[in-house]
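Residue strings, one per chain:
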Amino acid sequence: MRILRAIFGHGSGRIGGVIVCVYLLLAILGLLGLTPHNPITQYRIDRLHAPGAAYWMGTDLFGRDVASRLMAGIGQSFTVAFFSVAFASLAGTVLGLAAAWLGRRWDGVVMRIMDVLLAFPAILLALLIVTVAGPGTWTSVVAIGIVYTPIFTRVVRGPALSLKTREFVDAARTFGSSSSYIVTRHLLLNLVAPLTVQVTLALAWALLTEAGLSFLGLGTQPPAASLGLMLSDSRNLMETAPWLLIFPGLAIMISILGFNLLGDALRDILDPRMRRVFA
């Protein structure tokens, strides 16, 4: 409860929190199928209807309701983003802790692999993985997860190297605590704050990467809805039906803005130097 009060007491946290909550609600409704219309049912007689009372955000070239597809697309994009970030955060945390705790050769091998992955632009590496493995939702999850694993590894490794030399770790060794206990109890728990901030920011990047893959036809496949796929389908209709481009584009922009604002707020709130301000 205290962290929620702190978030909504922070300027950007309040805005970001509201945006994220609204998007999560829309994503849940979209995944449960609780949309105004069926997002994949085609109504040819209603094709390219402008926004109005019957269709709040208009219809597309096949007469499908844009608002319903937007809700389903948000649910699909959020599913990919959350699973990919969960994969990246888990793998990155394990690798980062192992590199910091074991040191020497293990640290060198892990971090050199991470350096190789970081040498590629995120979208290019994701494209390479998806091209090799084949397009699809779960392929996108794995590709995005691999792309962002090095970031979590670096976020964990640096502070863990500093923490392992602290007095309380030496004291735990003196009392005979096992390595697994020290790593989980003394290192991992002290890394919760930076990991929380990194997860929030990574969700924004994952949403953008997923939209890029779907836009290029390598992510979510039709007839399923995805924000990037909706943008791709509207490229040739920008002049005759601009709402097909505007609404998905705004949805992507606002969602990324929300997660970035929330991440900035969490960074301030979880900073020990700022804790008194937001207590």
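Values in this document were obtained by computation on a predicted structure and should not be read as measured data.

### Thoughts on the UniProt feature "domain: ABC transmembrane type-1" (unreviewed entry) in the protein chain
Argument step 1. The feature "domain: ABC transmembrane type-1" (unreviewed entry), as given by UniProt, occupies residues 74-263 in the numbering adopted here.
Argument step 2. Helix makes up 81% of residues 74-263 and strand makes up 0%, while its end C-alpha atoms are separated by 20 Å.

### Thoughts on unusual backbone geometry
Argument step 1. Residue Pro223 follows Pro222 across a cis peptide bond; omega there is 10°.
Argument step 2. Counting through the fold element by element, Pro223 comes out in the loop between helix H9 (192-215) and helix H10 (227-233).
Argument step 3. Even without a glycine there, the phi angle at Leu48 is positive, about 55°.
Argument step 4. By secondary structure assignment, the location of Leu48 is in the loop between helix H2 (11-32) and helix H3 (66-102).
Argument step 5. A positive phi angle, near 50°, is found at Arg104, a position not held by glycine.
Argument step 6. As for its position among the elements, Arg104 is in helix H4 (residues 104-118).
Argument step 7. For Arg104, a relative accessible area of 81% corresponds to the exposed category.

### Details of the nonpolar core
Across soluble globular proteins, you tend to see nonpolar side chains buried next to one another.
Argument step 1. Core analysis: the biggest nonpolar cluster contains 62 residues, and Ile74, Phe78, Leu97, Leu187, Leu191 and Phe259 have the highest contact counts within it.
Argument step 2. Leu191 has contacts with Leu97, Val156, Pro159, Ala160 and Leu163, leaving out every residue within four places of it along the chain.

### Some points on H4
Argument step 1. For H4, with 15 residues, the first-to-last C-alpha span of 21 Å sits near the 21 Å given by 1.5 Å per residue.
Argument step 2. Listed in full, the buried residues belonging to H4 are Asp107, Val110, Met111 and Met114. For H4, the buried positions fall inside an angular range of 90° around the axis, keeping them on one side.
Argument step 3. Here the buried face of H4 lies against H3 and helix H6 (137-163).

### Comments concerning the UniProt feature "transmembrane region" (unreviewed entry) in the protein chain
Argument step 1. What UniProt calls "transmembrane region" (unreviewed entry) maps, in this numbering, to residues 12-34, 78-101, 113-132, 138-156, 187-208 and 243-266.
Argument step 2. Counted over residues 12-34, helix gives 91% and strand 0%. Its end C-alpha atoms are 30 Å apart.
Argument step 3. Annotated as residues 138-156, this span is 100% helix and 0% strand, and its ends, taken at the C-alpha atoms, are 26 Å apart.

### Considerations on the pattern of salt bridges
Argument step 1. Following the criterion strictly, the structure yields 7 salt bridges and no others.
Argument step 2. In this structure, the salt-bridge partner of Asp60 is Arg69, at a minimum N-O distance of 4.0 Å.
Argument step 3. Under the relative-accessibility criterion, Asp60 is labelled buried at 10%.
Argument step 4. In this structure, Asp264 and Arg267 form a salt bridge, with 3.1 Å as the shortest nitrogen-oxygen distance. Of this pair, Asp264 and Arg267 both sit in helix H11 (residues 243-269), 3 residues apart, which is roughly one turn of the helix.
Argument step 5. For Asp264, a relative accessible area of 29% translates into the label partly exposed.
Argument step 6. Through salt bridges with shared partners, one network takes in Asp60, Arg64 and Arg69.

### Things to note about a nonpolar patch on the surface
Argument step 1. Together, Ile3, Leu4, Phe8, Val18 and Val22 make up an exposed nonpolar region whose accessible area comes to about 390 Å².
Argument step 2. Listing elements by their share of the nonpolar patch, those giving two or more residues are helix H1 (2-9) and H2.
Argument step 3. In terms of residue count, H1 provides more of the nonpolar patch than any other element does, 3 residues in total.
Argument step 4. Along the chain, Val22 falls in helix H2.
Argument step 5. Judged by its relative accessible area of 43%, Val22 is partly exposed.

What counts and what doesn't
- Residues numbered from 1 in each chain as written.
- Predicted model: local features only at pLDDT ≥ 70, side-chain atom pairs only at ≥ 80, totals over all residues.
- Heavy atoms only, no water.
- UniProt positions renumbered as here; feature names shortened; annotations may be inferred.
- Helix = DSSP H or I, 4+ residues; strand = E, 2+ residues; numbered from the N terminus.
- Buried < 20%, exposed > 50% of the residue type's maximum accessible area, 1.4 Å probe, protein only.
- Core = buried A, V, L, I, M, F, W, Y, C linked by side-chain atoms within 4.5 Å.
- Contact = heavy atoms within 4.5 Å.
- Expected span 1.5 Å × (residues − 1).
- Arc of directions from axis to C-beta.
- Salt bridge = Lys/Arg side-chain N within 4 Å of Asp/Glu carboxyl O.
- Patch = residues over 30% accessible without salt bridge, like charges linked within 9 Å, V, L, I, M, F, W, Y side chains within 5 Å.
- Areas by Shrake-Rupley, 256 points an atom, 1.4 Å probe, with all protein chains shown as cover.

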